[in-house]
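Secondary and tertiary structure notes
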Amino acid sequence: MHTMKRIQKLPDHLVNQIAAGEVVERPASALKEILENSLDAGADRISVDLAQGGIKLIRVTDNGGGIAAADLPLALDRHATSKIGSLDDLENVATLGFRGEGLASVASVSRLTLTSRPHDAEHAHQIVAIDGTLHPVEPAAHAPGTSVEIVDLYFNTPARRKFLKSENTEYAHCEATFERIALAHPQVEFILRHNGKVVWRLPQQSLAERVGALLGRDFVEASLPVDTGAAGLTLSGFVASPTYSKASRDAQYFYVNGRFVRDKIAQHALRQAYRDVLHHDRHPAYALFFTLDPANVDVNVHPTKIEVRFRESQGIHQFLFHSVHKALASTTAGASPAVTL
Ligand code: ADP
Ligand code: MG
């Protein structure tokens, strides 16, 4: 005999915690959400402080546009965003965030403090959320811009906390997230500290300088610039010459409209472009920035937006393949002829 259970709406807090399971897999994912918010706010100076691999503390401070005092509680509310307001906006989204669930998710599984001062405001204000419960907005001291402080991630969800790896491993994920984001924004000054020590200090610089700082001078010296465009598509960045190739996929940075993504179509096209010049068990290394009309790519496929869906995937495959093949051919003249699709 089955007993009938009545249906009930889940309380908001529980909904947020469930969503946090998708959005905030580990400290690095919380870091990604708040770094992207700083970039969306137009910051050109961002500092990151981590303690104990990000498990104890993640603090990001920016000099971006800030949040009005009256909007602070909304910033922590689920499905509340300043970035889109209609389906049309969603289809043309140019910001990194738009789902309005990043801060709400993080706040539901941590002790979060959001402090902000818009550029035209005389004072800053602050809101604290503990275990998803919002405390009243209070005056605070802060330069123009915003700080988000996340303390004790998963303190209230022991089952999730158990899935965290060692501090070293969690730190490594945080650093990788920081590097992916910093690589794509050379016009922004970044600092990363871990347990009080400066790990990265990146001034505003050119893309070549930023790539050199993060991926190494040897990468830049062994790489070929890519800079192509056709029919609303552009590809720029650097591809390593085959002699540099690493045995792992660690040095594969591919961005779509400024967003780091893992995309099968792109990976396949790039792999093909290297096919004649790279031994099959080696992996190409690259830092490539692909742009297209936001209306032609769906970024709303995955909660963390690591995957995207292209409207014209075949044309994009061809464009990526030809762009990289051409760059590689400039040094490997005499190698076997171009692979045709
Ligand atoms: P989303 O980024 O998808 O809009 P979030 O939950 O990450 O959702 O943030 C909610 C809102 O809070 C943002 O839309 C933005 O208006 C505001 N916000 C968050 N972080 C910042 C920041 N660093 N600077 C300015 N505004 C911010
Ligand atoms: Mg966001």
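Definitions and limits used
- Residues numbered from 1 in each chain as written.
- Chains lettered and ligands numbered in written order.
- Predicted model: local features only at pLDDT ≥ 70, side-chain atom pairs only at ≥ 80, totals over all residues.
- Core = buried A, V, L, I, M, F, W, Y, C linked by C-beta atoms within 7 Å.
- Buried ≥ 20, exposed ≤ 12 C-beta atoms within 10 Å, placed from the backbone.
- Helix = DSSP H or I, 4+ residues; strand = E, 2+ residues; numbered from the N terminus.
- Domains from an automatic or database assignment.
- Contact = placed C-beta atoms within 7 Å.
- Pairing = 2+ DSSP bridges.
- Expected span 1.5 Å × (residues − 1).
- Nonpolar A, V, L, I, M, F, W, Y, C, P; charged D, E, K, R; others polar.

1. Side note on the nonpolar core
In summary, soluble globular proteins display a tendency toward joint burial of nonpolar side chains. Ranked by size, the top nonpolar core spans 81 residues in total, and within it V106, V239, Y286, L288, L320 and V324 carry the most contacts. Here the element with the most residues in this core is helix α11 (residues 313–329); it accounts for seven residues. Two domains each put at least three residues into this core: domain 1 (12–202) and domain 2 (207–329). Setting aside anything within four residues of it in sequence, one finds Y286 in contact with G237, F238, V239, A240, Q252, Y253 and L270.

2. So, the environment of L103
Summarising the element assignment, L103 is placed in helix α5 (residues 102–108). C-alpha separation for the pair L103 and V23, spaced 80 residues apart in sequence, amounts to 9.9 Å. Not counting the four nearest positions on each side in its chain, L103 is found in contact with A75 and L76.

3. Focus on the pairing of strand β9 (residues 197–202)
Across five bridges, the pairing between strand β8 (residues 189–194) and β9 is antiparallel. Across the sheet, the residue bridging to L192 is W200, located in β9. Between β8 and β9, which pair antiparallel one after the other, the connecting turn spans two residues, and N195 there sits at a positive phi close to 50°.

4. Looking at α11
Relative to the 24 Å expected for 17 residues at 1.5 Å per residue, α11 spans 24 Å between its end C-alpha atoms, a close match to the ideal helical length. Taken together, the buried positions of α11 are occupied by I316, F319, L320, F321, S323, V324, H325, A327 and L328. On its buried face, α11 is in contact with β10 (223–230), β11 (233–240), α10 (264–273), β14 (286–291) and β16 (309–310).

5. Re the sheet that holds β14
Pairing is mixed across the open sheet formed by five strands, whose spatial order is β10-β11-β14-β12-β13. Each edge of the sheet is formed by a strand with only one pairing partner; in this case those strands are β10 and β13 (259–260). The sheet contact formed by strand β12 (residues 252–256) and β13 spans two bridges and is antiparallel. Its bridge partner being in β13, Y255 is matched across the sheet by F260.

6. Some thoughts on the domain arrangement of the protein
Entries for the protein in the domain assignment read domain 1 (12–202) and domain 2 (207–329). The C-alpha-based centres of domain 1 and domain 2 are spaced at 28 Å. The interface of domain 1 with domain 2 comprises 16 residues on the first partner and 19 residues on the second. Of all the secondary-structure elements, those providing two or more residues to the side of domain 1 that touches domain 2 are α1 (12–23), α4 (87–91) and α7 (167–183). Counting residues per element, the side of domain 1 that touches domain 2 draws most heavily on α7, at four residues. Classifying every residue of the side of domain 1 that touches domain 2 gives ten nonpolar, two polar and four charged.

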